[in-house]
Amino acid sequence: MRRSSTFARQVLLVRVGRRDGDLHPTDLAPTEHRYADRQRRRYGLDRLSRPTLGVDPTLGLDRADIDAVMPVSPAMPPMAQADEAGSIPLLPGERSIARRMKFALVNACTLASLMLGMLAIFLAMQGEVRIAALCLIACVGFDGLDGALARRLGVASPFGAQMDSLADMCSFGLAAPVVVYASLAGSVSTAAAAVACALVAACAAIRLARFNVSPKDGRFFCGVPTTMAAAVLAVTVAIGLPVPGAVLVAGVALLAFAMVSSFPYAKLARLVKLPPWLWLAPVIGALVDIRLTFALIVVGYLVSGPVLWLRQRRTA
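Small disclaimer: the values here were computed from a predicted structure and weren't measured.

Draft legend 1. Representation of the overall build of the protein chain. For the protein chain, the count of helices and strands is 13 helices and two strands. In the protein chain, buried positions account for 33% of the 316 residues. Counted over contacts in the protein chain with a minimum sequence separation of 6, partners at least 24 positions apart contribute 76%. For the protein chain, the computed accessible surface area is about 19800 Å², with 68% contributed by carbon and sulfur atoms.

In structure tokens, the structure reads:
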């Protein structure tokens with residue numbers, strides 16, 4: 001206790017005077033160094049680092065003890081530690097040429113999805129709605145390809161995950177609503193179409209942000225994935241689903257809310273493992289009437305979330 005109280009008295013010594021004619025070498029130093037030295041002089045901490053000023057050597061004070069109690073300005077955050085090259089590496093692990101080429105290939109797929117989303121917006125503005133929808137379907141393909149390649153080639157990284165999320169927001173959170181809005185022009189009121197498409201953009205942003213910060217479940221998605229929602233919208237526009245405009249607007253809004261819902265939806269990997277005979281009905285239905293079959297599949301998938309949620313609550 002005696003040692004700590006003596007240390008506190010030494011720390012609280014305040015230097016109250018300074019002659020105008022004194023010029024310290026630290027006055028010519030950079031701003032952050034001048035600020036640190038000013039704090040040390042103000043609180044008398046420079047005295048503790050010099051044994052000639054009468055500090056008891058039995059205290060055992062060192063630079064670490066002094067810096068631990070020196071006040072820090074909230075306006076000057078601590079400097080981040082960088083690597084030898086002066087920047088944070090985008091690809092963790094070995095930095096060989098082969099791994100960098102694989103890393104570049106994966107990110108090229110992500111950028112291809114982003115560029116196709118931009119192309120879909122431009123085509124929708126020109127009135128080429130169905131071609132724009134096909135570009136969105138291609139975006140879905142590249143979005144699945146970059147993740148599969150990253151895992152297969154062993155170049156998955158936090159940078160790639162953030163790139164994929166940003167590309168998804170541009171392609172599926174912005175391009176898809178623009179294409180749907182262009183397809184609804186003339187069939188419904190402009191305000192209704194704008195509100196429904198704005199809901200898709202807002203819910204896509206919320207869905208992607210929640211996915212980035214939430215723990216991953218290997219079996220189910222929490223809400224409809226943004227990629228799948230965009231694929232449903234793109235296919236709906238591409239095949240020209242023959243339903244009234246009001247029903248389309250309601251379906252778009254329902255799909256937007258399904259993205260931010262808490263209902264569990266099965267991942268594609270689980271759907272692929274279903275018995276082969278279950279796939280015969282969709283295949284035969286697509287040969288008979290592809291539009292009706294697609295509508296039934298979408299409705300069935302959307303309903304599966306609440307059904308699984310109720311099942312989990314009963315078994316819990």
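Moving on from the model shown.
Draft legend 2. Quick peek at a nonpolar patch on the surface. The grouping of Leu274, Trp277, Leu278, Trp279, Leu280, Val283, Ile284, Leu287 and Val288 at the surface amounts to a nonpolar patch, some 980 Å² of accessible area in total. In this structure, valine 288 sits in helix H12 (residues 280-288). A residue is classified by how much of its surface remains accessible, and valine 288, at 70% relative accessible area, is exposed.

Draft legend 3. Seen up close, the confidence of the model for the protein chain. Chain-level pLDDT for the protein chain is 77 on average; 71% of the residues reach the 70-or-more range. Considering only residues more than four positions removed or in separate chains, one finds that residues 11-36, a stretch of pLDDT under 50, has 27 contacts. With pLDDT under 50 throughout, residues 71-85 is counted as low confidence; its partners more than four residues away or in other chains account for nine contacts.

Draft legend 4. Highlighting the packing of aromatic side chains. Under the counting rule described, the total for this entry stands at three aromatic pairs. Look at phenylalanine 103 and phenylalanine 159: their rings are 5.9 Å apart centre to centre, the planes differ by 45°, and that puts the pair in the tilted class. Of this pair, phenylalanine 103 sits in helix H5 (residues 97-125) while phenylalanine 159 sits in helix H7 (residues 158-184), and the two are 56 residues apart along the sequence. For phenylalanine 159, a relative accessible area of 29% translates into the label partly exposed. Relative to tryptophan 309, the ring of phenylalanine 263 has its centre 5.7 Å away and its plane inclined at 65°; by these criteria the two rings are edge-to-face. Of the two residues, phenylalanine 263 sits in the loop between helix H10 (245-259) and strand S2 (264-266) while tryptophan 309 sits in helix H13 (residues 290-315), which places them 46 residues apart along the sequence. Residue class for phenylalanine 263 comes out partly exposed when judged on its relative accessible area of 26%.

Draft legend 5. Structural detail: H13. The first and last C-alpha atoms of H13 sit 37 Å apart over 26 residues, in line with the 38 Å expected at 1.5 Å per residue. If you look at H13, its biggest bend is around 25°, right at serine 304, and the proline proline 306 turns up within four residues after that. Within H13, the full set of buried residues consists of Thr293, Phe294, Val298, Tyr301, Leu302, Gly305 and Leu308.

Rules behind the numbers
By convention here, each chain's residues receive numbers from 1 onward along its written sequence. Since the coordinates come from a predicted model, pLDDT governs what is reported: local features require at least 70, and pairs of side-chain atoms require 80 or more to be given and counted, while whole-chain, interface and lining totals use all residues. Excluded from the side-chain calculation are hydrogens and water; included are all heavy atoms of the structure. Secondary structure elements follow DSSP: runs of H or I no shorter than four residues count as helices, runs of E no shorter than two count as strands, and numbering proceeds from the N terminus. In this scheme, a residue with accessible area under 20% of its type's maximum is buried, one over 50% is exposed, and one in between is partly exposed, where area comes from a 1.4 Å probe on protein chains only. We call two residues contacting when some pair of their heavy atoms lies within 4.5 Å. Under the convention used here, a 1.4 Å probe and the Shrake-Rupley method define accessible areas, while residue burial counts only the protein chains that appear. For patch building, the residue pool is restricted to those with more than 30% relative accessible area and no salt bridge; the joining distance is 9 Å between like charges and 5 Å between nonpolar side chains (Val, Leu, Ile, Met, Phe, Trp, Tyr). Definition used for salt bridges: Asp or Glu carboxyl oxygen within 4 Å of a side-chain nitrogen of Lys or Arg. The predictor rates its confidence in each residue with pLDDT, a number between 0 and 100. Stacked, edge-to-face and tilted labels apply to pairs of Phe, Tyr and Trp rings (six-membered ring for Trp) whose centres lie within 6.5 Å, assigned for plane angles under 30 degrees, over 60, and everything in between, in that order. Multiply 1.5 Å by the residue count of a helix minus one, and that product is the helix's expected span. Throughout, the bend at a residue refers to the angle made by two axes, fitted to the seven residues ending there and to the seven starting there.

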